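Overview (structure and organization)
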Amino acid sequence: ASSTKRRLPLIVIASLIDKTPNLAGLCRTCEVFNCEAVCLANQKIIKDQTFQSISVTAEKWLPVKEVPKAALKSYLSELRSRGYQIVGIEQTHNSVIMDKWTYSGNTAILLGAEKEGIDADLLPWLDACVEIPQAGQIRSLNVHVSGSLAVWEYTRQFRAILDAAAAANAA
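Residues numbered from 1 in each chain as written. Predicted model: local features only at pLDDT ≥ 70, side-chain atom pairs only at ≥ 80, totals over all residues. Heavy atoms only, no water.

1. Looking at the overall build of the protein
Along its length, the protein carries five helices and seven strands. Reading the protein from its N terminus to its C terminus gives the helix and strand order β-α-β-α-α-β-α-β-β-β-β-α. Compactness check: the protein gives a C-alpha radius of gyration of 16 Å against a globular reference of 16 Å for 171 residues, within 12% of the reference. Seen through its principal axes, the protein has C-alpha atoms that stretch 50 × 40 × 35 Å. When the 171 residues of the protein are sorted by exposure, 46% land in the buried category. Pairs at least 24 apart in sequence give 78% of the contacts found in the protein among residues at least 6 apart. Accessible surface, the protein: about 9100 Å² in total, of which carbon and sulfur atoms supply 54%. Here the protein holds 18 positive side-chain charges and 17 negative ones, and the gap between their average locations is 4 Å. (Helix = DSSP H or I, 4+ residues; strand = E, 2+ residues; numbered from the N terminus. Rg over C-alpha atoms; globule rule 2.2 N^0.38 Å. Buried < 20%, exposed > 50% of the residue type's maximum accessible area, 1.4 Å probe, protein only. Contact = heavy atoms within 4.5 Å. Areas by Shrake-Rupley, 256 points an atom, 1.4 Å probe, with all protein chains shown as cover. Lys, Arg positive; Asp, Glu negative; His and termini not counted. Charge placed at Lys NZ, Arg CZ, Asp CG, Glu CD.)

2. What to know about the pattern of salt bridges
In this structure the tally under the stated criterion is six salt bridges. Of the charged contacts in the structure, one is a salt bridge between Glu36 and Arg82, with a shortest N-O distance of 3.8 Å. Here Glu36, found in strand S2 (residues 35-40), pairs with Arg82, found in the loop between helix H4 (72-81) and strand S4 (85-89); they are 46 residues apart in sequence, far enough to count as distant. According to the relative accessible area criterion, Arg82 is partly exposed, its value standing at 37%. As a salt-bridge pair, Arg82 and Glu78 come within 3.0 Å of each other at their nearest N and O atoms. When salt bridges with common partners are traced through the structure, they connect Glu36, Glu78 and Arg82 into a single cluster. (Salt bridge = Lys/Arg side-chain N within 4 Å of Asp/Glu carboxyl O.)

3. What to know about the packing of helix H1 (residues 20-32) against helix H5 (residues 143-170)
Two measures define how a pair of helices packs: the angle their axes make with one another and the distance between the axes. In contact at an axis separation of 9 Å, H1 and H5 are set at 15° when each is read in the N-to-C sense. Taken together, H1 and H5 sit at an angle that is classed as roughly parallel. Handedness of the crossing formed by H1 with H5: right-handed. Between H1 and H5, the residues in contact are Asn22, Gly25, Leu26 and Thr29 and Val143, His144, Gly147, Ser148 and Val151, respectively. Its residues assigned to classes, the contact of H1 with H5 shows three nonpolar, six polar and no charged. (Axes fitted to C-alpha atoms, helices over the stretch in contact; angles between N-to-C directions. Parallel < 35°, antiparallel > 145°, perpendicular 65-115°, else oblique. Left-handed = near helix turned anticlockwise from the far one by under 90°. Nonpolar A, V, L, I, M, F, W, Y, C, P; charged D, E, K, R; others polar.)

4. Overview of H4
Residues spaced three or four apart along an α-helix face the same direction, because each turn holds 3.6 residues. Burial in H4 covers these residues: Leu72, Tyr75, Leu76 and Leu79. All buried residues of H4 project into a common sector of 100° when viewed along the axis, lining one side. Looking one or two residues past H4, Gly83 carries a phi angle of roughly 90°, positive in sign. (Arc of directions from axis to C-beta.)

5. Looking at H1
For H1, built from 13 residues, the straight-helix expectation of 18 Å at 1.5 Å per residue is met to within 8% by its first-to-last C-alpha distance of 18 Å. One or two residues past the end of H1 sits Asn34, with phi positive at roughly 60°. (Expected span 1.5 Å × (residues − 1).)

Structure representation (structure tokens):
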């Protein structure tokens, strides 16, 4: 999968997610925002009919990497050595509210499993946890929705930096 337009230096790691609609929706979101890649526990899921009906061919245009759950720690370590900031989307006592968080250029977002979130043994591998502010009675969003909001917030910040650089160059 390739694109003539430079991809955002954002990798979305969905290796803890099990449900096909969530994985397909995330794949679609990552393609729409031109992310560097999405990581799935098992690439075979992209052949699934339900996946394909939701992703609407996103997997054909977006790099999809297979990162099984057992390989997550080594993959996170590899990304860190390549200069990526590792951010978990998770509610913890140290989480930063999403609109107060500033993403770095090269970022990997780790999403948690449905219902359980990010495994406690993975939290030390993260540079930070970011949470989405909520005001209702229900204290969690669907993981596809959370991932999409995180991708959009990264994209919004990245675009603002590009816009500011373009304005500075034009002046």
